[in-house]
Amino acid sequence: QVQLVESGGGFVQAGESLRLSCAASGRTFSSYAMGWFRQAPGKEREFVAAISWSGGSTHYADSVKGRFTISRDNPKNTVYLQMNSLKPEDTAVYYCAAAWGALRVGVVEYDYWGQGTPVTVSS
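Here is a short report on the structure shown in this document. (Residues numbered from 1 in each chain as written. Predicted model: local features only at pLDDT ≥ 70, side-chain atom pairs only at ≥ 80, totals over all residues. Heavy atoms only, no water.)

### Thoughts on the overall build of the chain
So, step 1. Looking only at helices and strands, one finds 0 helices and 11 strands in the chain.
So, step 2. For the chain, the N- to C-terminal ordering of α and β elements is β-β-β-β-β-β-β-β-β-β-β.
So, step 3. Scaling as 2.2 N^0.38, a compact globule of 123 residues should have a C-alpha radius of gyration of about 14 Å, and the chain matches this with 13 Å.
So, step 4. Oriented by its inertia axes, the alpha-carbon framework of the chain measures out at about 40 × 25 × 25 Å.
So, step 5. A buried classification covers 42% of the 123 residues belonging to the chain.
So, step 6. Pairs at least 24 residues apart make up 59% of the contacts formed inside the chain by residues separated by at least 6 positions.
So, step 7. Surface summary for the chain: the accessible area is close to 6200 Å², and the carbon and sulfur share equals 48%.
So, step 8. Averaging the positions of the 11 positive and the 10 negative side-chain charges in the chain gives two centres separated by 5 Å. (Helix = DSSP H or I, 4+ residues; strand = E, 2+ residues; numbered from the N terminus. Rg over C-alpha atoms; globule rule 2.2 N^0.38 Å. Buried < 20%, exposed > 50% of the residue type's maximum accessible area, 1.4 Å probe, protein only. Contact = heavy atoms within 4.5 Å. Areas by Shrake-Rupley, 256 points an atom, 1.4 Å probe, with all protein chains shown as cover. Lys, Arg positive; Asp, Glu negative; His and termini not counted. Charge placed at Lys NZ, Arg CZ, Asp CG, Glu CD.)

Here it is as structure tokens:
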């Protein structure tokens, strides 16, 4: 069982940055691939970024590539999403999720989810 708690969301202007954090409970955190997803009002949840259990592999949605960076600190049971050059279209509730084993990008492939943290980017 893994419990996830996101933090760091907020209201920013276009072009600014935010760093999201996701704190995980459980002693097997390092066995899980971790992902960030987002859901805008009226839209389906979509993949943003993922990182392998070791942190050695990452994958990004095309819409955030070059602007967002996912990282993890296994001793601290925490995964991060650094978001730079934010755009109004990045406005959404951001969720972190955990998947046992290999890096994954599909919503249905993740086993555990946090409650989400809202990000609003104003133009």
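### Re the state of the cysteines
So, step 1. Inspection of every chain in the model, using the stated rule, returns 1 disulfide.
So, step 2. The residue that forms a disulfide with C22 is C96, at a sulfur-sulfur distance of 1.9 Å. Across the disulfide from C22 to C96, rotation about the S-S bond amounts to roughly 40°, and the bridge is consequently right-handed. Linking C22 in strand 3 (residues 18-24) with C96 in strand 9 (residues 92-100), this pair joins segments that are 74 residues apart in sequence. (Disulfide = S-S within 2.5 Å.)

### Brief notes about the sheet that holds strand 1 (residues 4-7)
So, step 1. In space, the 4 strands of this open sheet follow the order 1-3-8-7, with antiparallel pairing throughout. Of all the strands in the sheet, just strand 1 and strand 7 (68-73) have a single pairing partner and so form its edges. Looking at each pair of strands side by side, their axes are set apart by 15° on average, direction ignored. (Pairing = 2+ DSSP bridges. Axes fitted to C-alpha atoms, helices over the stretch in contact; angles between N-to-C directions.)

### Regarding the packing of aromatic side chains
So, step 1. Here the structure, examined in full by the defined rule, presents 6 aromatic pairs.
So, step 2. When the ring of F37 is compared with that of F47, the centres are 5.7 Å apart and the planes differ by 75°; the resulting orientation is edge-to-face. One end of the pair, F37, is in strand 4 (residues 32-39); the other, F47, is in strand 5 (residues 46-51), with 10 residues separating them in the sequence. The pair formed by F37 and F47 is uniform in burial state, with each residue classed as buried.
So, step 3. Pairwise contacts between aromatic rings join F37, F47, Y110 and W113 into one cluster.
So, step 4. In this structure, R45 packs its charged tip against the face of Y95, placed 3.7 Å from the ring centre. (Phe/Tyr/Trp six-rings, centres within 6.5 Å; stacked < 30°, edge-to-face > 60°. Lys NZ or Arg CZ within 6 Å of the ring centre and 35° of its normal.)

### Regarding the pattern of salt bridges
So, step 1. Using the criterion set out here, one finds 4 salt bridges in the structure.
So, step 2. When the shortest N-O distance is used, the salt bridge between R38 and E46 registers 2.7 Å.
So, step 3. Overall, R38 belongs to the buried group, its relative accessible area being 5%.
So, step 4. Between K65 and D62 there is a salt bridge; the shortest N-O distance is 3.1 Å.
So, step 5. Judged by its relative accessible area of 49%, K65 is partly exposed.
So, step 6. A relative accessible area of 66% places D62 in the exposed class.
So, step 7. Sharing partners across several salt bridges, the network here consists of R38, E46, R67 and D90. (Salt bridge = Lys/Arg side-chain N within 4 Å of Asp/Glu carboxyl O.)

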